[in-house]
Structure formats: C-alpha cells, structure tokens
Amino acid sequence: MKRLKGLALLLAVTILVVAAGCGKGSTGTSGAETAAPETEAAAKTTEPASTEKEDVGTTEQDESEASEAAPAVEFEENVPLYVTAFVGRNEPDGIRTDPVSKYIEEALNIQLELTGVIESDYPTQLSGMIASDELPDVFLFSDVVKQFPMLMASNRLLALDDYLEPYAQETLDDPKGALMIEAYRSPATSPDGRLYLWGLCKGSWDDGTLPTCGHYIRWDLYKEAGYPKLETYDEDLLDVIEAMVEKEPETEDGQKVYGVGAWFGNGQDWGEWVFTYGLAPQQGVNLVNSAARTVAVSTKDSTPLESNQLKDPEGYFWRAVRFYNRANQRGLLDPDSFTQASDVYEARLYAGRYVFNVPGWMASGANNEYNKTDGNTKAFVSLPAIGSDAEDRFGNMYKGERAYGVNASTEYPERCVALLNFVSSYEFSRIAWNGPEGINWDMVDGVPVPRDEFLTAERDDEFTTRTGASVYHHFMGYGNGTVDPVTGVPVDLFQFSAKALERRMNDTIRDFINHYGQETLVDVYKAETETTTAMNFLQFGEAPADIQTNINNLNAFMGKNIFKVVAAEDDEEFIALRDDMIQQMAEFDVDGIFDHFYTEALEQTAEVEKLAALAGQ
Amino acid sequence: MSNFDYLRSKRFQHRAYLFLLALPFLAIVVVFSYVPLFGWAYAFFDFVPGVPLSESTFAGLKYFKRVFSRASDFWAVMRNTLGISSLNIFFSFVPVLFAIMVSQLHFRKLSRPIQTLASIPNFISWVLVYSIIFMLVASNDSALNIVMTKIGVFDEPYNVLMDVEKAWLVQVFIGIWKNTGFNAIIYLAAIVGIDQELYQAAEVDGAGTMRKIWHVTLPGVVPTYFVLLLLSISNMLSNGFEQFWLFGNGMTWDRLEVFDTYVYRLGIQNMEYSFSTALGIFKSVVSIILLTVANSSSKRIRGTSIF
Amino acid sequence: MKSSKKERITILGLLNTVLLLLFVFLCVYPLYYIFINSISTATEVQRGVFLFPRKVTLMSYTNIKNIQGIYSSIFVSVARTVIGSLITCLFTSILAYLLTQREMPARKALYRFVIVTMYINAGFIPYYLLISNLGLKNSFLVYILPGSVSAYYLVLIKTYIESMPLELMESADIDGAGPIRKFVSLVIPLGKPILACIITFAAVWQWNSWSDNLFFIQGSKGRNLHTLQFLLYQNLQSNMSAAIRGTDSAAAAAAIKITPTTLRMAMTFITVLPILCVYPFMQRYFTSGIMLGAVKG
C-alpha cells in the first residue's frame, strides 16, 4: 500500500521533472541540441561504418575533379552548412554519401547538412522554421510570391550584393547568371533594389522536343490515317483525333481507345491544368495563374493581351474548354475523365488508350513504355504550333525556376554565396544530372558522352546514391535541356545527349521529321516556330488582400463549375453555361482582378525592355 | 484555527492527495493543448510568421468578418458540412448494430475473425480507398460496371462518383464501410462489460433473444452510444479533410466541399495564417456551443447529462 | 457456453450470420485486391486486376526493401507504438479514474477542462513553437508525450468506469484502500475490455502517424528516429517527384500529385499486415465475454 502510494508520487514527480526539464531547454535557442545527445551518439556509432566503404572508390575521383573545379576562393576552415533544397530523397536527411555531395563538400570545404523537401508539406514546414527562427543557412522558396514578402517582413533574408564579387564572380561573368541577378534586383521583386533571391534551374527543362505542355499526337496513327488536314486547333484537331481513333478503336488487349482523356477527378485545382496549359502556350501566350488566368502575356515580347481572358468567350481559356466539350459531344472524351485522378489518366495513356495528350512528361513516359516492345512504332510526337505563328516551346527560365535565399543570421554568408555560385555553373549542372565524370559518363574529345549502362540503368535509390546522378535535380544552375555553350551538349546526358536521342528514335519519329523535310526533331520546331527563346519578363507580386480574396473565391467558383460546362450535351447548352459563368464572375470583381494585373504589367514596360536587352533579344 | 483544523483533516489530505496525483496529467493537457492557444491572438493581427505580434498591425475582427463575407460560398459549405454530418449521425447506430450482431453470432468461433476482418477498411488510407472505389465500382471499366452491363442490369456504365444527387449519401456509405468494424470495438467492450447475471435473470423470466437484446444488451450499450453521439454532434463541423478532398471531383465538388476542405483551401493553401486561425476559432466556438446544447438537452430528455 | 453446441440455429441467426459474412467480404476483398494489384505490373493494374494477379512482379516490394534505414525505422515504429500506446492508456485511464472520484476537488470543472481540448486547435505555428521550445525536436519523446493524455479516450474510459458495478468499489473503500490501490486492483482488471480498446486505438494511431516525424525529426540529429510510415510516405513522394523530373513550374506545381498506385498498395499491405497479426491478441480482451457466451439462445 505505502509502496504503491510512493510509486504513484514518484511517477507524478518524474513527469513534472520531465516537463520542467523540457521547459528549461526553451530558454536557449539550442533546445534541440540538449534534448538529443543520446541519439547523436547513436548516430555516430552506427552511421559511418555502413557508408564509408562505398565512398572509397568514388572520393578519389572527386579529389581530382574538385581541384579542377574549385572556386577561385579557397576556404581554409571546414564548417557545417545547413541547406534545405528540393533534392532527391534517396538518402535520409543530414550528411549525404553520394559522390556529388562529396564533390560539393570538398570544393567548398564544408559539411553539407542537406534536407530534402517534400514540396507539398514544405510551406507549412517553412512557416514553422520562420516563426521559431530555425531557418537553415540556405533554403528553398516553394512559393516566392507568398513567401518572399513574409521573409522580408521578418528581416530573415540576407542581401547578397556585397558577397557577389568576391564569392560569385563566375555567375556574374555568365550572361545568364548576370541576367538572373538583374531580374531579382528589379523593383518588381526587390523592395530596395538589392539581391535577396538566387535563382537555380535556369535555362530549359527540355531541348524543344518535349515541351512541358504541347499538342502531342500519336504520329503513327496520324500517318496511318493519311495525314489529314490539320491547320486549326478548334476544328481540325478534333477531326484528326477522330480519324486516328478510327484507325485504332481498340488497344491490342481489347480496351476501348478514346481520343482524349483528362483528370477532372482532381477537381480542386490541378484538374483545370489542361484549360490553362492546353492551348495558350502552344499559341505563344501564357495565362497568368496568379491573376486567376484573367491576364495573358505574349511570350514573344512580354506584352499583356488587352482582353480579359476569363471573360472572352473566344479567348485561349474558353477555347480550350470548348475543345474538351466538343470532344465529349463527339464521344472522343473518355467519360471517366470527370472522376479519374491523374495517376489513372497516366496509366491509361501508357496503355495506349488516348491518341492525344498535353503534359510532355507523360508523353515521354508513354513513349518509354511503348519502346519496351520490340519493333515499336507507337509514338507521341509534339506538333509544331497549330494555326499560330508563335509558341512557347524553347522555354527559357531566365530567373531560374527555383528560388533560394540565405538566412540573414547565418554564420557563414561567404560560404553560402560561394555554394550558390558553385552549383550555378554549367559544369556543376552536368555533374548534378549525371554524377561526376568517370562514373556514368566520360569526356571524349571535349564532348561529354554517357556510358551505355547509364542509359539503361534501373534508376533506384541505390543507383542514385552510388552515382549521385540527379540527386540535386532542383539545386543546380541549369535545367536538364539547357545546352552547355562550352560542349554544345545539353547538361542532362541521360535525356538529351545525341546517344540518348538516338535510343529514342524510331520509324515513326523519322517519318515525322521527313514529313516536315528536316534532319532532326529540333530542326522541325525551329523551322516551324518563330519564337525560339520566348521569355516572359513580367514579374507579378502578391495582389492586395481584397483582390487576393477575390482571386481565391474566383478560383473556387471556377473549380466548382467549369467541368459542368465541359459536360454540356450540345453547343447550345455549352454557350448558355459558359455565358452564365462569365456573368457570375462579376461577383468576384473579375474586372478588378484583371485591371490590377494589367496595370502592373504596363508599369513594368521599362523594366521588361531592360531585361530583354540584357538577354540579347 | 478551524481552517488549520481542516487542513489537517483526513478529508482534506485525501482530496489534496487526489489532486496532486492528477496534477501531472493535467499539466500535460495544459502544456500541449492550452499553451499553444496563445496562437489564437494571430487571428486579431495581420500576422506574418517571424514578426513579433508587438510589431504587427492590429486587425481587430477583420478576419472574422471575412469568414462570413463571401456569403454564398460560406453558406454552401455549411449546407454540405451540416448535411453530411446529419446523415452520419443518422447512421451512427450502424456500429452498435454490428457489435450486437457479432455478439449474437450463432457460430461463436467466427466472431473474432469477423470482427478483425471487418476492421480492415479502417486501416486503408483514403487515397487508396478512392482508387479502389474508382477501379471496382465507379469507372466504366470497373468490375461492377463490367458485370452489371454484361448481365443487363445497367444499360450503360453507371459512375456513382459522378452522381450529384446522391453525392452526400455515397460519401456517408463509404464512411460507414470504412469505419463500422473498427468503431464497433468500443461497443463490443461495452457488451462484454455487461453483468452476466442480468442475462441470467432475463432468461429466468423467459425472455427470448430479441427481448434480451432489448432489455439487457441495449441498455448496456446506450451510455457509450450517447457519449459518442454527443461528441459527434459537437463535431458536426469536422467531416474530415482527406475523404472529401479526394472524392470531390469536377462534377460533385460544389456538393462535397466541407468546412475542413474550405479551411485548407482558403487558409492553409493560400498561407493566410490569420484567416485560418480565425476559421479555427470559429470552429472551436461552434463545437463547444453544440456540445453544451446537446449536453443540456440530453439532461432534459434523458435526465442525465454526460459532461 | 455449455449449451451453445446443442442449440439449433434460428432463421434469424442464419440471416445474421449471412449478413455479417457478406459485410466481411466487402471488407476483406479490398485488401485482397490491394495485394494482387501490388504484385501486378502497373499496366495490368490499369486494365483491371480483379481476381488473380497478372504478370507478377515484386518491384514495389523491392523498392520498399531498398529504402535506406527501413529496418531501423521498423524498430522505431514498434517502439513508439508499444511505449506510446501503453503510456497513453496508463496516463489517460489514471486521470479518468481520478475524475470519477467524488472526493476529487473541482472534478466536474476539471473534466470539462480536459474535454474542451478536443475542440481547440491553435494551428500549426504555435504548436511548432511549443515543440521547439520544449526541446522535443529530434527527440523520441515527441512521439510519446503530446498524445499521452487524450480527451477522447478519457471520455470513453470514464464512461466505462462509471458503468462498472459500484458495490465493488465501495467495498474496497470500506477496506480503506487508497485510490492507487483501487485503480490497480479494481479498475485495471474490471476495465480490461475498455483498456484493451484504448490500447488498440492508440496503437493503431501511433503506428500510422508520420507527420510528427516529418515536422519534428530532421537532419543528422534525427537520423535514427525516423518511423516506418514516414519513410514510406517520403519514398512515395520522391517517386512522384522522380516521375516529374524535367518539368517547368507550370507542371511541377501540379504534377507533384502523380501517384504510383501500385507502390502505395504495396506499402498499405505491409503496414496493415502487422496490425492484423497483433490485433487478435488485443481483441481477446474486448470480445472474451462474448466467447463466454454472454448472450445465450
């Protein structure tokens, strides 16, 4: 009895002590460190044993590499650097063991504490880190428009200007690097003209042959159908799709082939992707998402279109909606489109059930799938612009697709800038995509050539960790389709080297090239499309709160109604539903939204000209 | 003097001892649930993470007003939320029924396996539940549609996920399928706890199966059922996020947008911290009011209040 | 018990059995479906795999097996499940019991004070600050402490205790037994069904949690504290981003949601299986009475 009582009190006291002990940790910023000494010790004992062995082979190679690529500045002291980036999560966070990480660490004499971001959760995670002042030294922005003002308001961003000349000379010397820096210093982004953001993933994600959003059709069926007339998006394309389906009404294993599919099951946002990106970019225009797609900008010269796209029944947005409605009316649209999510869409595409497709990465995935069959002739090919003289094909991410910032209270600002500079080069980009030289690729007469086994390797975590290939997929200077001016080869050898393109070639693609009387795929597009280095130099910030509220509500309204318009049974119903929606948009002050962004765009004219001049346009 | 006596009295010592015993556990509740409530202050400021409140602009009730400002949308969300919750409450007897059916099983050896296996759906994530239902029931190529069109029950494939009219019911039934087996555990525990002598007494009185269920089993389960009923009434604003986010599609989204997805969409996805805090406070207040009302009406109707 | 074998089954009993078996089929088949799909190729899954696996491949399972640190994460997950659910059950039931004591000062107010926590949620940032200031980041305790007293379980336990035969309690009171003694010698044995229930609930919750890991265990310091569910979640996410490698912002923002369904199915199968294996052991306690023939005839 007594003992029980004592035990109970003991339990009570222990809990209080634990709670109090935890409370104490909170006074210092190092609370986390005091709480986890045991785990750290445990980590020390188990980790190196398992990882060191693998490294021996590769680090030796790195050393010779590193001495060549080492930046102008030598750092004597080895310091830890905490970096949060969108990188591969093939290994747990912390110190990575892959050869590319080792390569960076040696070049800059740092211990790279790397955290890979899960993009969907990162905004939440970042808000926590900002609030508790636990930002890493270098970190990713997942949404610059929203997160940049937040970090400026709390003074958490380091102005990088003073560190550029001593630690980032190479980027300043690189024309594309200089353009990126200038763009982030422009008044549309930076409140005081200083540099707070650093763009990575500049250049392009493709070489023009696999645009992110394009009109991909099964060329083998188009050929079989006798190359029917294809001059307009609104009319001909649907006829062509119908003719192609007639040629192959069923897949080999007896499943029904539809012309077109979609993933409206992801109704809340991403289901509308095909309306935003399914037509406009192919006609040289980009609908501005942050402006609720009211504003469209020409990719030729960054001028905003005068009409409000959401209200213009003949605008790019509504034409794309009408395309899917007509496809539905003609029985060409997979009826499951309304309820399926994108994974099902993708699986059906791979199974050969659609003859038309928009997302480029899915088209290339489908082609890879088809090529697994010997003597395959099935292939998706992206069409040159239909019925338009301009196209956003050879994308050029002059600001870099991903923005990173440096923590204002970092102990090692020099090292942070040096790191950003180091990963920004073409050379590092090639290493980031393919791993260090000598593992997956070799230099042959000044041209990087991938090894055969690299092109056929199963790319699992083990492979990625061993070779380092594409671990840093969104923490390097250039997107994988960007051509390195020194070697003349795109930085991603796995996808875009001559050898890789040859592997993907088949009779269908050759027929496509011949049809247009050209030598290579890239030539076809260059010959057919006028704008080859389309850039959008407009930079839109966050709208004032009341306009933002309207945008959010308008987006919600679109998500709830737009698919019903697609489902309209005839043209009459379509027009009635469409016009009704356009009318209801007034409730969300759709004109006010347009005016705000349109005015902002016009105000930037001078800035746009300046950047365009820098870009040499 | 008398105070001092009381302090030395056995009763006081006993009470103090009880309180002391409870203290550490109450401390945990305070630390993890009440301490973070300082964050409610964010709803009254233009809060930006990393900027101390002392330096933030005071916003007053701006964000609360916004909760109701876009009236049409907010009320549509409320209609869906309350409609679906009411249906859920209407069907809340199902786990009780299941528990009783299991307890009445003639082949007793089956009762454990049945109970185990029936809880499986609870362990399947909503993402997978969605794909399973799509592949098995909804899609044109689904097992159900293939069979039904073959035997001529359906003229053409029927996609239940596109049915706007039945959208609520469909979701409620999916929820029942997913949760019944697992939620029945608590009722099974209640049935096990029933004094065996009560059954024997009923048997002596010549009661049959149904009468025993009615007079002994049900009264044994009812306290638990009512507690859970009160909790689900007070939780009417929480239908859960994932289910509706995943199942809502282009056709049914205006019927399936519920409060939780609304908060996610407006507050979290758009990173509006003050606004989402305001929505959170609104939800807490409504829940506590519902709980109080339900509790006092339970007192009036059943004669006992639960909280 | 004694008479059950001799009894003949009534029509009602038969109907009952058939209905239950039908429901069980609806519950079991999806798991079977998940299994046969997880070992079929993705293309076959798209065609529909309903009865038997087609083109069997163990790729999804190999993928999981190769995740770095997967074995140590199983240990962490088991540890948090066992320790976490026991602590939750113990802490919550002690508090619930204390709140049933008539001598407990302000017990009604305290009970409400606890219940209210079910409805108040401060949001992520304040919670993050709290965990960070308590020093619980990168600590195993972050899995255990925050959920150690649960209002919901407390309500269930308290309701159960209050329905327990009072005479026993009172007779123990007469013996002069203290509250702890009574808790150990009365509540624990008599409350077995409810305690087993709570342990089951808490264990399933612990086993399936991963967001506390995501937000509070990071970097080298947390390397050995990752849970199985988190590693699976992370692997799924990186498989998605691998699928979209080489896209511009337009695509990347949206395409992150691409889901390798077969991989998800394999993951579900291997996390559900342990639950189904351990479950019957807990179940003993909350269905034993039924086995004893609670309701006869």
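Residues numbered from 1 in each chain as written. Chains lettered and ligands numbered in written order. Predicted model: local features only at pLDDT ≥ 70, side-chain atom pairs only at ≥ 80, totals over all residues. Heavy atoms only, no water.

Q: For this particular structure, what's the right way to read the overall build of chain C?
A: The helix and strand tally for chain C stands at 15 helices and zero strands. Out of the 297 residues in chain C, the part that is buried amounts to 61%. Sequence-distant contacts in chain C: of pairs separated by 6 or more residues, those separated by 24 or more amount to 69%. Of the accessible surface of chain C, which amounts to about 12,000 Å², a share of 68% is contributed by carbon and sulfur atoms. (Helix = DSSP H or I, 4+ residues; strand = E, 2+ residues; numbered from the N terminus. Buried < 20%, exposed > 50% of the residue type's maximum accessible area, 1.4 Å probe, protein only. Contact = heavy atoms within 4.5 Å. Areas by Shrake-Rupley, 256 points an atom, 1.4 Å probe, with all protein chains shown as cover.)

Q: Just to check I follow, could you spell out the overall build of chain A for this structure?
A: Within chain A, the regular secondary structure consists of 27 helices and 13 strands. Buried residues in chain A amount to 60% of all 617 residues. Long-range pairs, those at least 24 residues apart, make up 73% of the contacts in chain A with a sequence separation of at least 6.

Q: Even after reading the chapter, I still don't get the packing of aromatic side chains, so can you show me in this structure?
A: In this description, an aromatic ring pair is defined by two values, namely the gap between the centres and the angle between the planes. Residue and element names in this part refer to chain A. Inspection of the entire model under this criterion finds 86 aromatic pairs over all chains. Between Tyr103 and Phe428, the aromatic rings sit 6.4 Å apart at their centres with planes inclined by 5°, giving stacked as the arrangement. Residue Tyr103 is located in helix H4 (residues 99-108), and its partner Phe428 is located in helix H17 (residues 426-434); the two are separated by 325 residues in the primary sequence. Accessibility expressed as a relative area gives 1% for Tyr103, which makes it buried. Consider the rings of Trp219 and Phe512, whose centres lie 4.8 Å apart with planes at 85°: the pair is edge-to-face. Here Phe512 lies in helix H22 (residues 507-515) and Trp219 lies in helix H10 (residues 219-224), a separation of 293 residues in the sequence. Residue classification places Phe512 among the buried residues on the basis of a relative accessible area of 0%. Through a chain of ring-to-ring contacts, the aromatic side chains of Tyr233, Phe264, Phe275, Phe317, Trp318, Phe323, Tyr324, Phe338, Phe356 and Phe563 assemble into a single cluster. (Phe/Tyr/Trp six-rings, centres within 6.5 Å; stacked < 30°, edge-to-face > 60°.)

Q: I tried to follow the sheet that holds strand S2 (residues 94-95) of chain A on my own but got confused; where do I start?
A: Neighbouring strands of a sheet are bound in pairs by backbone hydrogen bonds; such pairs are parallel or else antiparallel. All names here are of chain A. An order of S2-S3-S1-S4-S11-S5 is seen for the six strands of this open sheet, with the pairing classed as mixed. Each having just a single partner strand, S2 and strand S5 (198-200) make up the two edges of the open sheet. One ladder, built from three bridges, connects S5 with strand S11 (residues 402-406); its direction is antiparallel. Paired with Gly199 across the bridge in S11 is Ala403. (Pairing = 2+ DSSP bridges.)

Q: Sorry, what's going on with the interface of chain A and chain B here?
A: Accessible area lost upon the coming together of the parts serves often as the stated size of an interface. Facing 45 residues of chain A, the contacting portion of chain B comprises 40 residues. The junction of chain A with chain B conceals about 3,700 Å² of combined surface from both sides, 59% of it contributed by carbon and sulfur atoms. Sorting the residues of chain A by area buried against chain B places Gln268(A), Thr339(A) and Lys560(A) first, and these three jointly supply 21% of that buried surface. Counting across the chain A and chain B interface gives 13 residue pairs in polar contact (both at pLDDT 80 or more). Where the side of chain A that touches chain B is concerned, the elements lending two or more residues are helix H1 (2-25), helix H5 (122-131), helix H6 (144-153), helix H14 (342-350) and helix H24 (545-566) of chain A. Element by element, the count of residues in the side of chain A that touches chain B is highest for H24(A), at nine residues. (Buried area = accessible area lost by both parts, 1.4 Å probe. Polar contact = N/O pair within 3.5 Å; in protein donor to acceptor, adjacent residues only side chain to side chain.)

Q: When you look at the sheet that holds strand S6 (residues 213-218) of chain A in this model, what are you seeing that I'm missing?
A: Residue and element names in this part refer to chain A. Pairing is antiparallel in the open sheet, where three strands are placed in the order S9-S6-S10. This sheet does not close on itself; its edge strands, each paired only once, are strand S9 (356-359) and strand S10 (380-382). Mean inter-strand twist for the sheet, computed between neighbouring axes without regard to direction, equals 35°. Bridge analysis of S6 against S10 gives three bridges, and the strand direction is antiparallel. Bridging from a neighbouring strand, Tyr216 pairs with Ser382 of S10. (Axes fitted to C-alpha atoms, helices over the stretch in contact; angles between N-to-C directions.)

Q: Teacher, can you tell me more about the interface of chain B and chain C here?
A: Between chain B and chain C, the residue contacts involve 89 residues of the former and 93 residues of the latter. Across the chain B/chain C interface, buried area totals approximately 8,500 Å², and carbon plus sulfur atoms make up 76% of it. Looking only at chain B, the three residues that lose the most surface to chain C are Phe32(B), Arg108(B) and Arg112(B), adding up to 9% of its buried area. If you look at where chain B meets chain C, you find one salt bridge. In this structure, the salt-bridge partner of Arg11(B) is Glu103(C), at a minimum N-O distance of 3.1 Å. Taken together, the connections running from chain B to chain C amount to twelve residue pairs in polar contact (both at pLDDT 80 or more). Tallying contributions element by element places helix H2 (residues 10-34) of chain B first for the side of chain B that touches chain C, with 17 residues. (Salt bridge = Lys/Arg side-chain N within 4 Å of Asp/Glu carboxyl O.)

Q: For this particular structure, what's the right way to read unusual backbone geometry?
A: A negative phi angle is the norm for most residues apart from glycine, just as the trans form is the norm for most peptide bonds. Residue and element names in this part refer to chain A. For Ser302, which is not glycine, the phi torsion reads 60° and is therefore positive. Residue Ser302 is classed as buried on the basis of its relative accessible area, which comes to 4%. Here the phi dihedral of Ser470 falls at roughly 55°; this positive angle occurs in a residue that is not glycine. Along the chain, the position of Ser470 falls in the loop between helix H19 (461-467) and helix H20 (493-496).

Q: What should I look at first to understand a negative patch on the surface in this one?
A: Among the surface-exposed residues, Glu569(A), Asp570(A), Asp571(A), Glu572(A) and Glu573(A) lie close enough to one another that they form a single negatively charged patch. Tracing the chain through its elements places Glu572(A) in helix H25 (residues 571-584). (Patch = residues over 30% accessible without salt bridge, like charges linked within 9 Å, V, L, I, M, F, W, Y side chains within 5 Å. Lys, Arg positive; Asp, Glu negative; His and termini not counted. Charge placed at Lys NZ, Arg CZ, Asp CG, Glu CD.)

Q: So what exactly am I meant to see when it comes to the pairing of strand S1 (residues 79-85) of chain A here?
A: Every regular strand shows the same layout, with side chains that alternate between the two sheet faces. All names here are of chain A. With five of seven residues buried, S1 is to be regarded as a mostly interior element. Of the strand pairs in this sheet, S1 and strand S3 (residues 110-116) are connected by seven bridges, and their pairing is parallel. Following the sheet pairing, Pro80 is matched in S3 by Gln111. Examined bridge by bridge, S1 and strand S4 (residues 138-141) share two bridges and lie parallel to one another. Looking across to S4, one finds that Val83 is bridged to Val138.

Q: Quick question: what am I supposed to make of the pattern of salt bridges here?
A: Where charged atoms from two side chains of opposite charge approach closely, those side chains can pair. Residue and element names in this part refer to chain A. One pass over the structure, following the stated rule, counts 45 salt bridges over all chains. A salt bridge links Arg322 to Asp234; its shortest N-O distance comes to 3.1 Å. One end of the pair, Arg322, is in helix H13 (residues 316-329); the other, Asp234, is in the loop between H10 and helix H11 (236-247), and 88 residues separate them in sequence. Residues Arg322 and Asp234 agree in their burial class; the two are buried. For the salt bridge of Arg451 with Asp442, the shortest nitrogen-to-oxygen distance reads 2.8 Å.

Q: Is there a simple way to explain the environment of Ala568(A) in this structure?
A: Residues and elements named next belong to chain A. Relative to the elements of secondary structure, Ala568 occurs in the loop between H24 and H25. Overall, the relative accessible area of 1% leaves Ala568 in the buried class. If we ignore the near neighbours within four places in the chain, the residues touching Ala568 are Asn325, Gln329, Glu573, Phe574 and Leu577.

Q: Can you help me understand the confidence of the model for chain A in this one?
A: Interpretation of this model should avoid reading the predicted coordinates in detail wherever pLDDT is low. Here chain A averages 85 in pLDDT, while 87% of its residues score no lower than 70. Within the model, pLDDT remains below 50 along residues 13-70 of chain A, and this stretch shows 60 contacts once partners closer than five positions in the same chain are excluded. (pLDDT = per-residue confidence, 0-100.)

Q: Can you help me understand the state of the cysteines in this one?
A: Residues and elements named next belong to chain C. The final tally for this structure, using the stated rule, is zero disulfides over all chains. Unpaired in this structure, Cys89 has its nearest cysteine sulfur neighbour in Cys197, at a distance of 9.9 Å. For Cys89, a relative accessible area of 5% corresponds to the buried category. (Disulfide = S-S within 2.5 Å.)

Q: Please explain the nonpolar core as it appears in this structure.
A: Considering soluble globular proteins, one finds that nonpolar side chains tend to be buried as a cluster. One finds Ile104(A), Trp198(A), Leu419(A), Phe428(A), Tyr472(A), Phe475(A) and Phe307(B) to be the most contacted residues of the largest nonpolar core, which totals 255 residues. What Tyr472(A) contacts, discounting residues up to four positions off in sequence, is Val87(A), Asp98(A), Val100(A), Ser101(A), Ile104(A), Leu112(A), Leu114(A), Phe428(A) and Ala432(A). The next biggest cluster of nonpolar side chains, apart from the first, holds 104 residues, and it includes Ala327(A), Leu333(A), Leu349(A) and Val608(A). (Core = buried A, V, L, I, M, F, W, Y, C linked by side-chain atoms within 4.5 Å.)

Q: How do you make sense of H4(A) when you look at a structure like this?
A: An α-helical turn contains 3.6 residues, so a residue and the one three or four places further along point in the same direction. Residues and elements named next belong to chain A. Of all ten residues that make up H4, nine are buried, and the element is covered over most of its length. Burial in H4 covers these residues: Pro99, Val100, Ser101, Lys102, Tyr103, Ile104, Glu105, Ala107 and Leu108. Looking one or two places after H4, you find Asn109, whose phi comes out positive at around 55°.

Q: Is there a simple way to explain the side chain of Thr88(C) in this structure?
A: Take Thr88(C): it is sitting in helix H4 (residues 70-100). When near neighbours in sequence (up to four residues on either side) are disregarded, Thr88(C) contacts Ser93(C), Gly147(C), Ser148(C), Tyr153(C) and Ala202(C).

Q: How do you make sense of the packing of H13(A) against H25(A) when you look at a structure like this?
A: Axes are the key here: two packed helices are described by the angle between their axes and the distance separating the axes. Residues and elements named next belong to chain A. Direction vectors running N to C along H13 and H25 enclose 150°, while the axes themselves pass 11 Å from each other. Taken together, the axes of H13 and H25 lie roughly antiparallel to each other. Of the two possible hands of crossing, H13 and H25 adopt the one that is right-handed. In this structure, H13 uses Trp318, Val321, Arg322, Asn325, Arg326 and Gln329 to contact H25, whose residues at the interface are Asp571, Phe574, Arg578, Met581 and Ile582. (Parallel < 35°, antiparallel > 145°, perpendicular 65-115°, else oblique. Left-handed = near helix turned anticlockwise from the far one by under 90°.)

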